[in-house]
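# An overview of the molecular structure
If you want the building blocks of each chain, they are given just below.
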Amino acid sequence: MQRLRSRQQFQAVMAGAPVAKTPHFALHRAALSSAHEGRALFPVADAWLGVLLPKRWAKRAVTRNAIRRQIYEIARHQSASLPQAALVVRLRSEFSRQQFVSATSDALKRAVRAELEQLLARPAPHAAGPAETRHAV
């Protein structure tokens, strides 16, 4: 599994609508055939993963880091079943600070893990087609 690194890679994946959603996360997907300035954005045919955790939804860095670690760990365990596509997991709503007081609590980790397993099990088995690789107009 490869990690998304550049802004162009993230923009290419985020151009399409989410392919799966849970209460706190959204999963975006794009084909690996994307190119930028004449060179391939995704040079290796593998599963590519990026994580987007806005401060708006996870204000404390310790919370964002704990969630990020959970995302990469779940993806590593499920790497054999992930499609050869570029994926971005995006946090789309806040985990209640009243319910999860500590950012590193086992309760928060279990909640995040459960949603991520559900989210990563959803991507359609087909390769991302033209409808998923929308271009900006």
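Coordinates for the structure precede this section.
Please read these numbers as outputs of a predicted model, since none were measured by experiment.

## With respect to the nonpolar core
- One finds F25, I71, V89, F95 and L116 to be the most contacted residues of the largest nonpolar core, which totals 24 residues.
- Among the elements of the structure, strand 3 (25-30), strand 6 (48-52), helix 2 (61-77), strand 7 (86-91) and helix 3 (106-120) are those that each provide at least two residues to this core.
- Each residue touching F95, except ones within four places of it in the same chain, is listed here: H24, F25, W57, I67, F100, L108, A111, V112 and E115.

## A look at the sheet that holds strand 1 (residues 2-3)
- One open sheet accounts for five strands, arranged 1-6-7-3-2; its pairing is mixed. Edge strands, defined here as strands with exactly one partner in the open sheet, are strand 1 and strand 2 (20-21).
- Relative to strand 7, strand 6 runs parallel, the two sharing five bridges. Counted as the bridge partner of W48 is A86 from strand 7.
- Sheet strands in contact with helix 1 (residues 7-14) are strand 1, strand 3, strand 6 and strand 7, and its direction is about 85° off that of strand 7.
- The sheet contacts of helix 3 involve strand 2, strand 3 and strand 7, and relative to strand 3 the element is tilted by about 30°.

## Focus: the packing of helix 2 against helix 3
- At their nearest, the axes of helix 2 and helix 3 sit 10 Å apart, and the two run at 40° to each other. Viewed along their axes, helix 2 and helix 3 adopt a mutual orientation that is oblique. Pair helix 2 / helix 3 crosses with right-handed handedness. Across the interface between the two elements, T63, I67, Q70, I71, E73, I74 and A75 of helix 2 pack against L108, K109, V112, R113, L116, E117 and L120 of helix 3.

## Looking at the packing of aromatic side chains
- Tallying each qualifying case throughout the model produces three aromatic pairs.
- For the pair F42 and W48, a centre-to-centre distance of 5.5 Å together with 65° between the ring planes defines the contact as edge-to-face.
- F42 sits in the buried class, given a relative accessible area of 4%.
- For W48, a relative accessible area of 6% corresponds to the buried category.
- An aromatic cluster of three or more residues is present, and its members are F25, F95 and F100.
- Taking NZ or CZ as reference, R3 lies 3.6 Å from the ring centre of Y72, over its face.

## Observations regarding the environment of T63
- Here T63 is to be found in helix 2.
- When its relative accessible area of 11% is taken as the criterion, T63 is described as buried.
- Separated by 45 residues in the primary sequence, T63 and L108 have C-alpha atoms spaced 9.3 Å apart.
- Excluding residues that lie within four positions of it along the chain, T63 makes contacts with A58, A103 and L108.

## Quick look at the pairing of strand 7
- The buried fraction of strand 7 is high, at five of six residues.
- Relative to strand 7, strand 3 runs antiparallel, the two being bridged by six bridges. Along strand 7, the bridge assignment pairs A26 with R90.
- In the classification by handedness, the crossover that spans strand 6, the intervening helix 2 and the parallel strand 7 is left-handed.

Criteria and cut-off values
Residues numbered from 1 in each chain as written. Predicted model: local features only at pLDDT ≥ 70, side-chain atom pairs only at ≥ 80, totals over all residues. Heavy atoms only, no water. Core = buried A, V, L, I, M, F, W, Y, C linked by side-chain atoms within 4.5 Å. Buried < 20%, exposed > 50% of the residue type's maximum accessible area, 1.4 Å probe, protein only. Helix = DSSP H or I, 4+ residues; strand = E, 2+ residues; numbered from the N terminus. Contact = heavy atoms within 4.5 Å. Pairing = 2+ DSSP bridges. Axes fitted to C-alpha atoms, helices over the stretch in contact; angles between N-to-C directions. Parallel < 35°, antiparallel > 145°, perpendicular 65-115°, else oblique. Left-handed = near helix turned anticlockwise from the far one by under 90°. Phe/Tyr/Trp six-rings, centres within 6.5 Å; stacked < 30°, edge-to-face > 60°. Lys NZ or Arg CZ within 6 Å of the ring centre and 35° of its normal. Right-handed = clockwise from strand over helix to strand, strands pointing away.

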